[in-house]
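Structure at a glance
In case you want the letters, here they are:
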Amino acid sequence: MGGRLMCNLSGDETIMNALLALEDGRTFKCRSFTGPGEARGEVVFNTSMTGYQEVLTDPSYSGQLVTMTYPLVGNYGINREDIESGRIQVAAFLIKEYQPFHSNHRATASLAEYLKSQDIVGVEGLDTRALTRHIRNAGAMRAILTTHDLDPAACVAKARAVPGMEGQDLASTVTTGTPYRWVDDAPVPLDVAGGVDTLDQDVWQARGRRHSVVAMDFGIKYNILRCLDQAGFEVVVVPAATPPDTIRAMAPSGIFVSNGPGDPEPVRYAIDTIRELIDYRPMFGICLGHQLMGLALGGSTYKLKFGHRGANQPVKHLASGRIEITSQNHGFAVDTDSLKDKDIEITHINLNDNTLEGFRSRRYPLYAVQYHPEASPGPHDARYLFADFNRLMDEAAN
């Protein structure tokens with residue numbers, strides 16, 4: 001049967017019965033605060049206490065239904081400044097309690113209005129604690145969220161038909177279609193009449209910047225571009241499948257390999273490009289970029305049981321012994337043992353499960369981290385990594 005209309009929360013947010021069904025047969029009753037709809041994908045949880053707008057717009061969440069462990073969401077509404085991409089990226093948003101009456105001087109819309117404007121289902125009244133505990137025990141899994149047919153058996157069957165994350169190249173679905181500059185805190189499209197293959201060193205503006213960076217976009221977050229800009233780089237973002245010869249023709253000072261969604265192993269074109277450019281210019285990778293660089297260096301990756309997602313992940317910097325609190329969002333990781341005998345120095349480890357969080361090549365000017373040093377709204381413990389990129393390029397130039 002269809003979702004039954006229950007009430008009207010604040011004059012425009014229609015509340016309807018909904019059901020979340022997991023592939024292992026577990027179901028959770030909830031209520032849509034965005035009206036009718038259906039979504040499917042992998043269900044995961046995020047442990048951040050704030051930053052829901054950044055979560056919604058992070059391309060690394062493409063194909064996922066995201067639940068927040070913090071119970072009250074929506075209280076500061078939505079604003080134009082705190083987005084991480086040009087659209088909502090999550091497949092659906094699952095929360096315990098929705099606050100329709102937002103209060104923040106920067107807010108321009110409610111959370112419900114924002115989700116509805118892009119046809120994204122948002123539900124509340126979900127037992128997010130029970131769902132999170134279940135995912136921690138059983139692992140992230142395929143799911144369907146619907147207000148339409150609420151029959152549990154039918155919904156579970158639909159969940160089992162959802163494609164898994166393994167083997168999917170999701171980076172190609174979120175990358176930019178055309179190259180662009182990052183100028184004055186905004187993307188500025190490049191006029192490339194002959195296609196990306198015609199890019200050359202004329203792309204750089206005469207702004208007096210010491211170094212130029214080509215950012216390979218596999219789902220790059222705006223705040224990464226802000227941090228690269230604040231570090232003093234001239235930045236041009238290129239599509240994920242940009243050939244290595246084109247990047248060489250642009251003659252940048254360095255290459256940045258971005259974050260992004262899903263399984264790194266199917267993104268073979270990126271791995272091949274990175275491998276060809278490893279000894280060309282200094283290289284820095286974050287999140288999916290960390291995994292792609294690990295694969296290019298001969299390592300291997302694997303899927304984590306439930307991933308790392310949240311702004312409170314402890315990471316140890318091995319050289320200094322310093323503990324950094326980090327923001328993370330990934331479901332795959334590089335196998336530490338696979339980098340043995342690859343002339344690689346392990347620089348960071350996760351203190352929750354000892355997984356690899358960072359490495360540096362002893363042979364080439366490159367390094368990568370699994371977490372997000374650009375994290376917005378925070379923490380900012382790892383912002384020094386952007387300054388390290390500057391120093392690496394200074395050394396290469398000398």
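Look above for the structure.
Reference entry: report on the structure contained in this document.

Cut-off values and rules
- The written sequence of each chain sets the order in which its residues are numbered from 1.
- A pLDDT threshold of at least 70 governs which residues receive local features in this predicted model, and a stricter bar of 80 or more applies before side-chain atom pairs are shown or counted, although totals over entire chains, interfaces and linings include all residues.
- Excluding hydrogens and water, the side-chain values take into account all heavy atoms of the structure.
- Labels follow the DSSP assignment, with helices taken as runs of H or I lasting at least four residues and strands as runs of E lasting at least two, numbered in each case from the N terminus.
- For each residue, the accessible area found with a 1.4 Å probe, counting protein chains only, is set against the maximum for its type, and the residue is called buried under 20%, exposed over 50%, and partly exposed in between.
- Contacts are assigned to residue pairs that have any heavy atoms within 4.5 Å of one another.
- Think of a salt bridge as a Lys or Arg side-chain nitrogen and an Asp or Glu carboxyl oxygen that are within 4 Å of each other.

In this section: the overall build of the chain. On a plain count of helices and strands, the chain comes out with 10 helices and 21 strands. By principal-axis analysis of the C-alpha atoms, the chain measures approximately 70 × 45 × 40 Å. The buried share among the 398 residues of the chain stands at 57%. Excluding contacts between residues fewer than 6 apart, the proportion of contacts in the chain whose partners are at least 24 apart in sequence is 73%.

What follows covers the environment of A130. With respect to the element layout, A130 can be found in helix α3 (residues 128-138). For A130 and T69, which are 61 residues apart along the polypeptide, the C-alpha to C-alpha distance reads 10.0 Å. If we ignore the near neighbours within four places in the chain, the residues touching A130 are R26 and F28.

Let us now look at the pattern of salt bridges. Under the defined criterion, the tally for this structure stands at 18 salt bridges. Residue R106 pairs with D82 through a salt bridge whose shortest N-O separation is 2.5 Å. Here D82 lies in the loop between β6 (72-73) and β7 (92-94) and R106 lies in the loop between β8 (97-98) and α2 (111-117), a separation of 24 residues in the sequence. Between E276 and R248 there is a salt bridge, with the nearest N and O atoms lying 4.0 Å from each other.

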